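Chain residues, written in single-letter form:
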Amino acid sequence: MIEFKNVTKTYETEDALKELTLTINDGELFVLVGPSGSGKTTLLKMINRLAVPTSGEVSIDGQNVAEMDLENLRRHTGYVLQTGALFPNMTVEQNAGIQLEALGWEATKRHQRIVELMKRVDLDPELFLKRLPSELSGGESQRIGIVRALASNPKLILMDEPFSALDPLSKRQLQELILHLHAELATTFVFVTHDMREAIRLADRLAVIHNGELQQLGSAKEILSAPANDFVREFFDDDSIRRQFMQTVVAAGLGQPITLVKTDRLATDVIVSGDVVKMAASDTIFSWAALVKQHPQQVVQVEETLLKPADLIAYLAQAKEAK
Amino acid sequence: MFDSLNTYIAENGNEILLSLWQHIEISAIAALITIIIAIPLAVVLLNHRRGGEFVLQVASVIQTIPSLAILGLLIPFVGIGTVPAIIALVLYAIMPIFSNTYSGLTNIDPVLMEAADAMGVSKRYKLFRIQFPLAMPMILSGIRIGVVMIIGTATLAALIGGGGLGTYILLGIQSNNNNALLIGAVLAAVLALVASWIIKALSGVSIKKIGIGVLVLAILGGAAYGINAALKPKTETIIVAGKMGGEPEILINMYKDLIEADNPNLNVEVKRNFGGTTFLFKALQSDQVQIYPEFTGTVLQSLVKTDQGVSHNPETAYQTAKTALSKQFKMTYLEPMKYQNGYAMAVSKETAEKYNLKTVADLAAHPELVAGFDADFYQQNDGYPGLKEAYGLNFETVRTMEPSLRYEALADGKLDVTDAYTTDPQVKKYDLVLLEDTKSFFPPYQGAPVMMKSFAKKHPGVSKSLNKLAGKITTKQMQEMNYKVTVEHEKAATVAREFLVEQGLLKK
């Protein structure tokens with residue numbers, strides 16, 4: 001468990017973080033999201049003391065990081081940077097094994113561990129171990145960066161905008177890899193990004209940071225359906241995301257208000273028979289579609305509106321294709 | 001031209017190689033010391049930006065001081081010879097090596113430095129496995145610049161008795177010997193190119209191998225040096241130096257032969273082209289040099305303080321000089337040789353006939369003549385300023401120039417009047433007319449060895465050997481020997497020995 005208690009960071013005269021309090025649970029894939037300059041990266045770096053709070057306290061499992069042995073803390077924390085940040089003078093194997101070397105592992109044990117992890121990230125050890133970073137693509141470098149972070153089998157992995165410089169395809173593949181690894185390992189991931197789609201895709205829980213302050217904390221669903229303030233609403237204001245939610249369907253004017261349907265026979269029958277499934281405004285149209293697939297005639301109720309399967313077709317038909 | 005170059009190389013091959021080796025030795029030691037100072041300094045100051053900037057500023061300031069000035073500034077502290085030469089070279093080369101190392105280490109991509117910190121590697125690991133390898137291209141190019149600079153500047157070491165290829169460059173300039181000049185300059189340039197190429201080639205080699213290589217070289221060098229030192233006979237070495245030019249070189253070679261013939265336990269090291277009067281005199285005082293030949297006239301004019309005017313009687317002049325040196329500087333001035341190498345005014349035969357010039361006084365009527373003087377002569381009281389007053393000379397155009405060039409300029413008609421030394425071989429070569437000094441303005445210039453009294457007392461044999469030259473060597477003999485060395489490019493050592501044997505002063 002990682003706890004931030006009233007953490008403030010002041011640069012010169014400006015506050016980068018203001019009295020921020022936050023808890024990250026064990027085994028979570030926790031995403032810190034916000035525009036650039038929001039303070040999210042500073043927050044991440046405080047965990048392994050690459051940044052030190054001006055005031056306040058950061059603790060891991062109840063132990064203040066300021067009191068921990070620095071090298072030991074860092075050797076047992078995975079860290080993935082933008083662009084991989086591999087050392088250009090070392091081979092892939094040397095790069096990946098750097099923490100293990102610092103921890104004093106033998107060469108053969110190191111080699112075994114790296115080979116095993118290379119396979120896990122879908123890179124052929126035979127082909128890649130002896131290469132230099134200059135001979136790797138962006139996606140490959142970042143996979144090695146991930147191997148390096150995983151090498152010492154840390155309980156905690158910190159990732160600082162690791163995929164921001166990648167092409168969309170590599171980005172997607174690596175996001176899948178992270179989700180996959182997170183599912184396999186009992187490791188806490190703290191992931192920083194400015195890309196809200198990436199945040200939504202990856203996060204168990206996410207924290208929206210802006211101007212050094214925590215704007216909202218919760219699951220993607222919670223945040224999207226109920227933005228805490230204008231900033232959060234605007235930050236996640238994206239057609240393709242908003243369109244996924246039932247509340248948007250209602251806002252589009254589809255369906256009929258319950259009050260009105262009382263004169264409609266079919267609807268009245270339905271209500272009377274009680275055969276209506278209630279859905280939350282924050283539910284997605286995908287779960288609605290799944291329901292309709294099972295029960296082709298199912299009517300659903302979102303707040304005060306009744307929606308028929310035909311409304312789903314109508315909604316999808318009017319939606320523009322996402323760019 | 002190539003023929004004469006070939007002959008010169010064939011005759012002086014061993015000496016040239018020795019100079020080349022000396023040059024390499026001085027440069028290598030200087031480079032090694034610079035690296036040992038500059039790189040760790042850059043590492044230490046890595047986390048003290050202000051300190052780093054400060055050192056950078058100081059190093060750049062040092063670099064703006066002319067190298068000759070640095071050499072001059074160092075003499076009072078460390079004397080002359082190889083040591084100050086190396087110190088000056090080190091001071092010079094620190095700037096490029098330090099600044100490249102420093103900026104190489106500080107300009108590494110901050111993301112990589114963050115990655116290294118985040119991995120929790122030790123400081124040592126970070127420095128040697130990450131920072132140094134990444135900064136290596138910058139560091140090596142700094143070393144390359146530094147080494148090339150050292151090799152180039154090391155030619156100046158010859159000026160303060162450090163030896164090296166500069167000896168040939170100096171010799172070439174002084175004696176107008178293009179062969180020597182060419183050899184010195186070309187070899188120095190080639191050496192710089194080769195060194196630069198080797199260092200460039202090293203950039204492809206891993207640091208481990210470079211480290212091992214340097215270590216092996218250091219051990220081999222140390223061992224060779226140790227063995228060399230151990231094998232050297234335990235005789236005392238005394239240094240005999242001479243001013244620039246052929247004549248002093250002939251004289252000091254005679255000193256060497258005479259001293260070594262009579263004193264088997266003494267080893268005489270000859271330092272030719274050792275610099276100007278003041279420089280040599282200071283070197284003698286600080287015991288960097290034990291003996292050098294000096295003229296009575298120069299002693300009286302420039303070195304000692306006398307209340308009376310300079311006597312024009314050679315014997316009186318010598319006695320005055322001897323007493324003054326003894327009283328004021330605790331020096332011993334041995335008996336002078338016979339010949340006089342004084343100043344004289346020289347004109348070409350045609351000019352002399354055209355204007356009917358016979359004495360210096362005749363020049364006063366012809367201010368339109370173009371005069372060209374050696375820089376010393378132009379400034380010293382016993383030179384042009386005094387002469388001008390004594391004879392009422394009033395040349396409209398006076399140039400200062402290298403002594404070696406003025407005769408040729410005179411022969412070519414670019415100059416009408418110049419100062420000359422009576423023993424200069426060119427007087428004979430160009431058939432010049434020396435104008436009579438009717439007012440006896442020029443003091444007598446007789447050469448004799450000068451040394452510290454303490455040295456003379458400790459080595460009575462040396463004085464005895466050198467006194468064999470007292471009253472020997474006529475002006476004509478000296479002129480002839482100078483002709484052989486300066487014009488015919490014979491070796492001074494050979495000419496000196498031949499003369500001593502011929503005169504029965506030395507057994508074959």
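Analysis parameters
Residues numbered from 1 in each chain as written. Chains lettered and ligands numbered in written order. Predicted model: local features only at pLDDT ≥ 70, side-chain atom pairs only at ≥ 80, totals over all residues. Heavy atoms only, no water. UniProt positions renumbered as here; feature names shortened; annotations may be inferred. Pairing = 2+ DSSP bridges. Helix = DSSP H or I, 4+ residues; strand = E, 2+ residues; numbered from the N terminus. Axes fitted to C-alpha atoms, helices over the stretch in contact; angles between N-to-C directions. Contact = heavy atoms within 4.5 Å. Parallel < 35°, antiparallel > 145°, perpendicular 65-115°, else oblique. Left-handed = near helix turned anticlockwise from the far one by under 90°. Nonpolar A, V, L, I, M, F, W, Y, C, P; charged D, E, K, R; others polar. Buried < 20%, exposed > 50% of the residue type's maximum accessible area, 1.4 Å probe, protein only. Polar contact = N/O pair within 3.5 Å; in protein donor to acceptor, adjacent residues only side chain to side chain.

- Chain B carries the name ABC transporter permease/substrate-binding protein in an unreviewed UniProt entry, which gives Lapidilactobacillus mulanensis as its organism.

- Looking at an unreviewed UniProt entry, chain A carries the name ATP-binding cassette domain-containing protein, with the source organism given as Lapidilactobacillus mulanensis.
- Its UniProt record gives chain A a comment under Sequence similarities (unreviewed entry), which states: "Belongs to the ABC transporter superfamily."

**What about the sheet that holds strand β10 (residues 447–452) of chain B?**
Residue and element names in this part refer to chain B.
Move 1: Pairing is antiparallel across the open sheet formed by three strands, whose spatial order is β3-β10-β4. Strands with a single pairing partner mark the edges of an open sheet, and in this sheet they are β3 (292–295) and β4 (331–333). The sheet shows a mean angle of 40° between the axes of neighbouring strands, direction not considered.
Move 2: Pairing of β4 with β10 involves three bridges; the strand directions are antiparallel. Of the residues in β10, the one forming a bridge with Y333 is V450.
Move 3: Against the sheet, helix α10 (residues 246–262) touches β3 and β10, its axis set at about 130° to β3.
Move 4: Across the sheet, helix α12 (residues 296–303) lies against β3 and β4, angled at about 75° from β3, the strand it touches most.

**As for the packing of α12 of chain B against helix α13 (residues 314–329) of chain B**
All names here are of chain B.
Move 1: Between α12 and α13, the shortest axis-to-axis distance is 9 Å and the interhelical angle comes to 50°. Here α12 is positioned oblique relative to α13, judged by the angle of their axes. The chirality of how α12 crosses α13 is left-handed. Within the contact between the two elements, α12 uses T296, V299, L300 and L303 and α13 uses A317, Y318, T320, A321, L325 and F329.
Move 2: For the contact of α12 with α13, the residue count by class is eight nonpolar, two polar and no charged.

**So, the side chain of Q446 of chain B**
Residue and element names in this part refer to chain B.
Move 1: Residue placement: Q446 occurs in the loop between β9 (432–435) and β10.
Move 2: Using a relative accessible area of 11% as the deciding quantity, one classes Q446 as buried.
Move 3: One polar contact links the side chain of Q446 to the main-chain carbonyl oxygen of M337, over a distance of 3.1 Å.
Move 4: Filtering out sequence-adjacent residues up to four positions away, Q446 remains in contact with E294, F295, T296, P314, Y333, P336, M337, K338, Y339 and Q340.

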